[in-house]
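Fold and contact review
This is what each chain is made of:
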Amino acid sequence: MFKHTISELKEALVCLKAGQVTLPYPFEPSIVEDTFRGRPVLNTRKCMCCGACANACPARLITLTDSDGIRALHFELGRCTYCGNCRDACPQEAIEMSTQFETATANPDDIVIHAEFYLQTCRECGAVVGTQREVDVVREKLSNSPVRTNYADYFDLCITCRRKQAIHTPSLTLEVVP
Ligand code: SF4
Ligand code: SF4
């Protein structure tokens, strides 16, 4: 008993000598490094709603739903582990990992990202081709390419109608601009 008390006193003296060894968080904000990977943030100007982030998310918290000519991209960040897979998969660099890590809330709407995009439908059969933003992005990339094609004629066709058109009128041309 006496031995035990001595050892506890010794331990208390060591602690007193060491001073404060823990951070005052949450009473004061915790400062994180700039490279800290926190809550993802979506840049809706860059996003084209392609769904690559949804495929890459291990928590399956990113969904795409089509309704009334609109495709909705939705992040339910309650299950987010800040892994950064969505950012790495995005071809548009539309997702950044912020330094924000305090996401506890009583209102689930606080940790939701929601964006909506117009759909592009097939001019022949009306099937969904993708979003209009996707078509615009591809069109712009092709216009900046040294390879000139008539591929733009196919942009508003779904994959099935595109194949049919290519069989009946094999008019896809390629020309490298010097
Ligand atoms: S991968 Fe990028 S461009 Fe595609 S839906 Fe996700 S955020 Fe948008
Ligand atoms: S950071 Fe990871 S878990 Fe969170 S939304 Fe992106 S892919 Fe999903």
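Residues numbered from 1 in each chain as written. Chains lettered and ligands numbered in written order. Predicted model: local features only at pLDDT ≥ 70, side-chain atom pairs only at ≥ 80, totals over all residues.

Structural notes on the site of ligand 2
Around ligand 2, a shell composed of 14 residues is seen, among which Cys-57, Cys-80, Cys-83, Asn-85 and Cys-86 lie nearest. Among the residues making up the shell around ligand 2, the classes are represented as 11 nonpolar, three polar and no charged. (Near = placed C-beta within 6 Å. Nonpolar A, V, L, I, M, F, W, Y, C, P; charged D, E, K, R; others polar.)

Focus: the pairing of strand 2 (residues 62-67)
It is a general feature of regular strands that their side chains alternate between the two faces of the sheet. When strand 2 meets strand 3 (residues 70-76), the two strands line up antiparallel, connected through six bridges. Among the inter-strand pairings, Thr-65 is bridged to a residue of strand 3, identified as Ala-72. Counting the residues between successive antiparallel strands, the hairpin from strand 2 to strand 3 contains two residues, one of them, Asp-68, with a positive phi of roughly 50°. (Pairing = 2+ DSSP bridges. Helix = DSSP H or I, 4+ residues; strand = E, 2+ residues; numbered from the N terminus.)

Remarks on helix 1 (residues 2-18)
Between its first and last C-alpha atoms helix 1 spans 25 Å; for 17 residues at 1.5 Å apiece the expected length is 24 Å, and the two agree. One or two steps after helix 1, the chain reaches Gly-19, where phi turns positive at roughly 75°. (Expected span 1.5 Å × (residues − 1).)

A word on the site of ligand 1
Contacts to ligand 1 come from 14 residues, most closely from Cys-47, Cys-50, Ala-52, Cys-53 and Cys-90. Residue composition of the shell around ligand 1, grouped by class: 12 nonpolar, two polar and no charged.

Considerations on the sheet that holds strand 3
Taken in spatial order, the four strands line up as 2-3-5-6 in an open sheet, and their pairing is antiparallel. Bordering the open sheet on either side are strand 2 and strand 6 (128-131), each of which pairs with just one other strand. Each adjacent strand pair in this sheet contributes to an overall mean axis angle of 30°, direction not counted. Looking at chain direction, strand 3 and strand 5 (residues 112-121) are connected through seven bridges and run antiparallel. By the bridge assignment for strand 5, Phe-75 is matched with Ile-113. (Axes fitted to C-alpha atoms, helices over the stretch in contact; angles between N-to-C directions.)

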